[in-house]
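Examining the three-dimensional arrangement
Read off the chains here:
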Amino acid sequence: MRILVVLLIQVTLAVLVSGLILPAVLFAVPETRTAGPLPLAVLVGILFLLLRLAWPRRRENT
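Source: prediction; values computed, not measured.

As a further point, take the overall build of the protein. The helix and strand inventory of the protein stands at 2 helices and 0 strands. In terms of C-alpha radius of gyration, the protein reaches 15 Å, well past the compact-globule figure of 11 Å for 62 residues. Dimensions of the protein along its principal axes, counting C-alpha atoms only, are 55 × 20 × 15 Å. Expressed as a percentage of its 62 residues, the buried residues of the protein come to 15%. Taking the intrachain contacts of the protein between residues at least 6 apart in sequence as the baseline, contacts between residues at least 24 apart amount to 69%. Summed over all atoms, the accessible surface of the protein reaches about 5,200 Å², with 74% contributed by carbon and sulfur.

Spelled out as structure tokens, the structure:
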């Protein structure tokens, strides 16, 4: 259950940050304006992967 909560938090954070960054990407790279939803999907995917890498792992007490 804890794993699902962490994944849900990571996906939510990735979507929110992507929503904040996307206007800057659309303004800076004009080609993305006609690409449809692909730039948003790529941005969410990259941010999710970065969050997965940076998220601290749970340490087992042994």
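The next subject is a nonpolar patch on the surface. On the surface, Met 1, Leu 4, Val 5, Ile 9 and Leu 13 cluster together into a nonpolar patch covering about 510 Å² of accessible area. If you trace the backbone, Leu 13 turns up in helix α1 (residues 2-28).

On to α1. Over its 27 residues, α1 runs 38 Å from end to end, which matches the ideal 39 Å to within 8%, given 1.5 Å per residue. Of all the bends found along α1, the most pronounced is centred on Ile 21 and spans about 35 degrees, while Pro 23, a proline, follows it within four residues. Restricting attention to buried positions, one finds in α1 the residues Val 6, Gln 10, Ala 14, Ser 18 and Leu 22.

What follows concerns the side chain of Ser 18. Checked against the element boundaries, Ser 18 lands in helix α1. Ignoring any residue separated from it by four or fewer positions in sequence, one finds Ser 18 in contact with Leu 40, Leu 43, Val 44 and Leu 47.

So, how was this worked out
Residues numbered from 1 in each chain as written. Predicted model: local features only at pLDDT ≥ 70, side-chain atom pairs only at ≥ 80, totals over all residues. Heavy atoms only, no water. Helix = DSSP H or I, 4+ residues; strand = E, 2+ residues; numbered from the N terminus. Rg over C-alpha atoms; globule rule 2.2 N^0.38 Å. Buried < 20%, exposed > 50% of the residue type's maximum accessible area, 1.4 Å probe, protein only. Contact = heavy atoms within 4.5 Å. Areas by Shrake-Rupley, 256 points an atom, 1.4 Å probe, with all protein chains shown as cover. Patch = residues over 30% accessible without salt bridge, like charges linked within 9 Å, V, L, I, M, F, W, Y side chains within 5 Å. Salt bridge = Lys/Arg side-chain N within 4 Å of Asp/Glu carboxyl O. Expected span 1.5 Å × (residues − 1). Bend = angle between axes of the 7 residues up to and from the residue.

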